[in-house]
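Residue-level listing of the chains:
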Amino acid sequence: MNTSVQGLPSSPPAQRGPAAGDVDQQKVDFALKTIRADVPMSESALAQTLENPNLNQAERNEIIQTLAREEGQQIRFYGNDATRSGDGGYAELTGDQQTIADAVQQAYDDGAINADDLLRIADANGAGNGAQRFMSILTQSSEARQPGGTAEVLADALWSRNGNDGMDRANAAILYTSDPALMSRNLDTPDKRAQAFEALVAFNKAAPYEDIPAGLTADIWHDSALAASGRLFAAHSQELIDRYTSSQPGQPGKTEVLAEFMSQTVFNPDAQGIMLDRQRDLLPTIRSAISNASETFLERASTDGVSATDQSRAMRQYGQLAAAISGGAAVALTRYDGDVAKTKEAREEFAGLIGDLVGELPLGDLGGKIADKVSAPIADRIAEALIANPERPDVAIAGELADYFSSQADLLSEKVGNPDL
């Protein structure tokens, strides 16, 4: 423990809670002086101070409030994470951050700080990823991450402000999607869910979390943002796919949103192994959701009694989903072309990601025709295309995918007797 913190004037043990006694300003000023002088190299003077038994709750709240509102002192709430994010000191860092998050929650419960103070602390982040840095600290407190806790209070304030080029809503969505109850309560309309999804896709495209040194903190920020978009998509996949394909007359499709999302997830070699929750991995869950939507479009087009107009609309959506898949593969290839071009193994891994998705799509089993499983064959052909056409591999990939989707449309046309499909 820091010697100067231990040097606080002694006092009898104080009760904790909202009515924790009067503030001894001398002790508060001494503690603040120590915290302000903290050199961000290892331990957090704020966390150590908050653990000092010579401070009562009212004094802790006074310290929290002062630092939250004093110019330039908000960075103290991060626990010196910039110099402690390496794997070696991560356990000690998270312990300090949990202490800080618990204290922030208590100060909020006691009325010492408010939502504006939380925003002020979040805005002190110099890492470039908006409130994600402070939000990840708050969620280390079991109380702060509960519904109605300071994490949700901050998320609500960020959503309402809607600034920082979309990062406010993206960071709010990261919190909202972390728990089904939070998602249900806060993203309770199709428009809100679409706004959250688009904000997350844009956030992951910008990938501001990649600008910090590699380590556990960088990995957590990367994985949490991708998992957030994945959880939202998995929970409302058909709604979102319907929205971004032309499901309504006169409604233009926005397949670029789906394409970008797929490039970040099912076609992203770095997304493998990311968990959505204790039961689900990101990539197989998203592949299954896309497969289900594809099957839904085919069922809409082939159901008895469906009008030719509705058949055409369903197949137009199917085609736009196919375009999003092809576009997502092309975007991902552009993003990872350096890595993919290095080795045969890298090309095969990337091609395998495409094959894994296409292999789950409902190709065949229409009109009495059963298609073979296509994941391995298409992966092989795409890998060959990457080698044979290195100048424009995106065109080669698009051609292979178009052949598979067109064959499905031909099968369906025969079944329903509508050559216009």
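Residues numbered from 1 in each chain as written. Predicted model: local features only at pLDDT ≥ 70, side-chain atom pairs only at ≥ 80, totals over all residues. Heavy atoms only, no water.

S.K.: I'd love a proper account of the overall build of the chain, names of residues and values included.
M.R.: Per the secondary structure count, the chain includes 19 helices and zero strands. When each of the 421 residues of the chain is scored for burial, the buried share is 52%. Pairs at least 24 residues apart make up 70% of the contacts formed inside the chain by residues separated by at least 6 positions. Surface exposure of the chain reaches about 18500 Å², of which carbon and sulfur atoms provide 48%. (Helix = DSSP H or I, 4+ residues; strand = E, 2+ residues; numbered from the N terminus. Buried < 20%, exposed > 50% of the residue type's maximum accessible area, 1.4 Å probe, protein only. Contact = heavy atoms within 4.5 Å. Areas by Shrake-Rupley, 256 points an atom, 1.4 Å probe, with all protein chains shown as cover.)

S.K.: Help me get a handle on the confidence of the model for the chain, residues and values and all.
M.R.: A residue-level look at the chain finds 77% of positions with pLDDT of 70 or above and a mean pLDDT of 83. Every residue in residues 1-20 is under pLDDT 50, and counting partners more than four places away or in other chains gives 37 contacts. Predicted confidence for residues 364-375 stays below pLDDT 50, and this span has 22 contacts to residues more than four positions away or in other chains. (pLDDT = per-residue confidence, 0-100.)

S.K.: Residue-level account of the pattern of salt bridges, with values.
M.R.: If you walk through the whole model with that rule in mind, you get 15 salt bridges. Measuring nitrogen to oxygen at the nearest pair gives 3.5 Å for the salt bridge that ties Glu198 to Lys254. With Glu198 in helix 11 (residues 190-206) and Lys254 in the loop between helix 13 (237-244) and helix 14 (255-264), this pair connects stretches of sequence that are 56 residues apart. Classification of Lys254 as partly exposed rests on a relative accessible area of 33%. Residues Asp277 and Arg280 are paired through a salt bridge, measuring 2.8 Å at the closest nitrogen-oxygen approach. (Salt bridge = Lys/Arg side-chain N within 4 Å of Asp/Glu carboxyl O.)

S.K.: Lay out helix 5 (residues 90-109) in plain terms, naming residues and giving numbers.
M.R.: Spanning 20 residues, helix 5 covers 28 Å between terminal C-alpha atoms, matching the ideal 28 Å at 1.5 Å per step. Within helix 5, the full set of buried residues consists of Tyr90, Leu93, Thr94, Asp96, Gln97, Thr99, Ile100, Ala101, Ala103, Val104, Gln105 and Ala107. Phi turns positive, to about 85 degrees, at Gly111, one or two residues after helix 5. (Expected span 1.5 Å × (residues − 1).)

S.K.: Break down a negative patch on the surface for me, citing the residues and quoting the values.
M.R.: Together, Glu210, Asp211, Asp270 and Glu349 make up a negatively charged patch on the protein surface. Take Asp270: it is sitting in the loop between helix 14 and helix 15 (282-302). (Patch = residues over 30% accessible without salt bridge, like charges linked within 9 Å, V, L, I, M, F, W, Y side chains within 5 Å. Lys, Arg positive; Asp, Glu negative; His and termini not counted. Charge placed at Lys NZ, Arg CZ, Asp CG, Glu CD.)

S.K.: Residues and numbers for the side chain of Gln97, please.
M.R.: Assignment of secondary structure puts Gln97 in helix 5. By relative accessible area, which is 5% here, Gln97 ends up buried. For Gln97, the contacting residues outside a window of four places in its chain are Tyr78, Asp81, Ile137 and Gln140.

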